[in-house]
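Spelled out from the first residue to the last, the chains are:
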Amino acid sequence: MKLATVRLDDHRTAAVRVEGDELVELGRADVGAVLAAPGGLEGAAAADGPRHPLAGADLAPVVPRPSKVVCVGLNYQNHIKEMGRDLPEYPTLFAKFADTLIGAADDIRRPAETDQFDWEAELAVVIGRPVRRADEEQAVAAIAGFTVLNDVTCRDWQFRTREWLQGKNWDSTTPIGPFLVTADETGPRPALDVRCEVDGRVMQSDNTGDLLFDPVHLVRYVSTMVRLNPGDVIATGTPGGVGHARKPPVFLRGGELVVTEIEGLGRLENRVVGEGA
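The structure presented is a predicted model; accordingly, all values stated were derived computationally and were not measured. (Residues numbered from 1 in each chain as written. Predicted model: local features only at pLDDT ≥ 70, side-chain atom pairs only at ≥ 80, totals over all residues. Heavy atoms only, no water.)

## Description of empty space enclosed by the protein
In total, this model carries one cavity of 30 Å³ or more according to the counting rule given. In this structure, the largest cavity occupies an estimated 90 Å³ of space. Lining the largest cavity are 14 residues, with L74, H79, E120, Q158 and W164 positioned closest to its centre. Looking at the lining of the largest cavity, its residues break down into six nonpolar, four polar and four charged. (1 Å grid on protein atoms, 1.4 Å probe; cavity = no way out; pocket = protein on both sides within 12 Å on 5 of 7 lines; lining within 4 Å. Points joined across faces, edges and corners; volume = space filled by probe spheres on them. Nonpolar A, V, L, I, M, F, W, Y, C, P; charged D, E, K, R; others polar.)

Structural data, given as structure tokens:
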């Protein structure tokens, strides 16, 4: 099953189920609300409501207001090597705020304060039920499904200190979507091709099966520390090919079309524009 959050003409959003070339409203404002509601995904599969064409739909962030977005750095071996680091013993975690999130075709707002604006294609886990200190079975059950995310980063701000948060939390820079694809279609540890293009040039190409810490491990690890709620997101890290590590470095200046795609999950197409555009 594929779910999305769509913006409608009457200035509201609606959670929808994708059925062929149609979107079926589910009676909730967004996918996060669907997951938090009694019945969760089972209710979403059975619900019926007004229908809209998929073509031309204005897709919001698939989960617009998660209570937390937990991100993982350095989780593909080739990316760790290109950044000149040793393989980690534990996941490297940082957080993003919901205000960073944008929809699948929204513009990425490039801040005037950065000269090193970079891409990071990522598989994102979406949580479907509350979970704390999960064991293996509980972690698998807590994964509602997966979506596509690009953790666009201000590298010059990221590396001002040892902590990364200030490079990762700029307003309206992080596309997520287009759909939540439920885990029954992918399995809890999907091995899917991930790819990022900038103006048609392939910058990243890998497979999520190469994650050092897979989604189940990450749900167990993060939930040991903090409760994960329905609609929360874990961004699992990016493969090699980021602009910062290229020789010479390559960064987003404005005007570029960034395409982020994961096999079976969908495609983000976002134009980089100035923040005041």
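Now that the structure has been shown, we can carry on.
## Quick word on the sheet that holds strand β18 (residues 257–262)
Spatial ordering of the open sheet is given by β9-β19-β18-β15-β16, a layout of five strands whose pairing is mixed. This sheet does not close on itself; its edge strands, each paired only once, are β9 (108–110) and β16 (201–207). Neighbour-to-neighbour, the strand axes of the sheet open up by a mean angle of 15°, direction not taken into account. As paired elements, β9 and strand β19 (residues 266–274) share three bridges and run parallel to each other. Opposite I108, over in β19, you have V272 as the bridge partner. (Pairing = 2+ DSSP bridges. Helix = DSSP H or I, 4+ residues; strand = E, 2+ residues; numbered from the N terminus. Axes fitted to C-alpha atoms, helices over the stretch in contact; angles between N-to-C directions.)

## Some thoughts on the domain arrangement of the protein
Per the domain assignment, the segments making up the protein are domain 1 (2–53) and domain 2 (69–274). Averaged C-alpha coordinates put domain 1 and domain 2 at centres separated by 24 Å. On the side of domain 2, 14 residues touch domain 1, which itself brings ten residues to the contact. Of the roughly 880 Å² buried at the junction of domain 1 and domain 2 (both faces included), carbon and sulfur atoms supply 65%. Counting the surface domain 1 buries against domain 2, the share from its top three residues, K2, L3 and L35, is 57%. Taken together, the connections running from domain 1 to domain 2 amount to one salt bridge. Salt-bridge contacts for R7 lead to D106; the nearest nitrogen and oxygen are separated by 2.8 Å. At the surface where domain 1 touches domain 2, the tally comes to two residue pairs in polar contact (both at pLDDT 80 or more). Listed by contribution, the elements that provide at least two residues to the side of domain 1 that touches domain 2 are β1 (2–7) and α1 (31–36). Looking at the side of domain 1 that touches domain 2, its residues break down into seven nonpolar, one polar and two charged. (Domains from an automatic or database assignment. Contact = heavy atoms within 4.5 Å. Buried area = accessible area lost by both parts, 1.4 Å probe. Salt bridge = Lys/Arg side-chain N within 4 Å of Asp/Glu carboxyl O. Polar contact = N/O pair within 3.5 Å; in protein donor to acceptor, adjacent residues only side chain to side chain.)

## A look at the side chain of Q158
Along the chain, the position of Q158 falls in helix α5 (residues 155–158). A relative accessible area of 2% means that Q158 is categorised as buried. Apart from residues no more than four positions distant in its own chain, Q158 is found in contact with T153, E163, W164, G167 and K168. (Buried < 20%, exposed > 50% of the residue type's maximum accessible area, 1.4 Å probe, protein only.)

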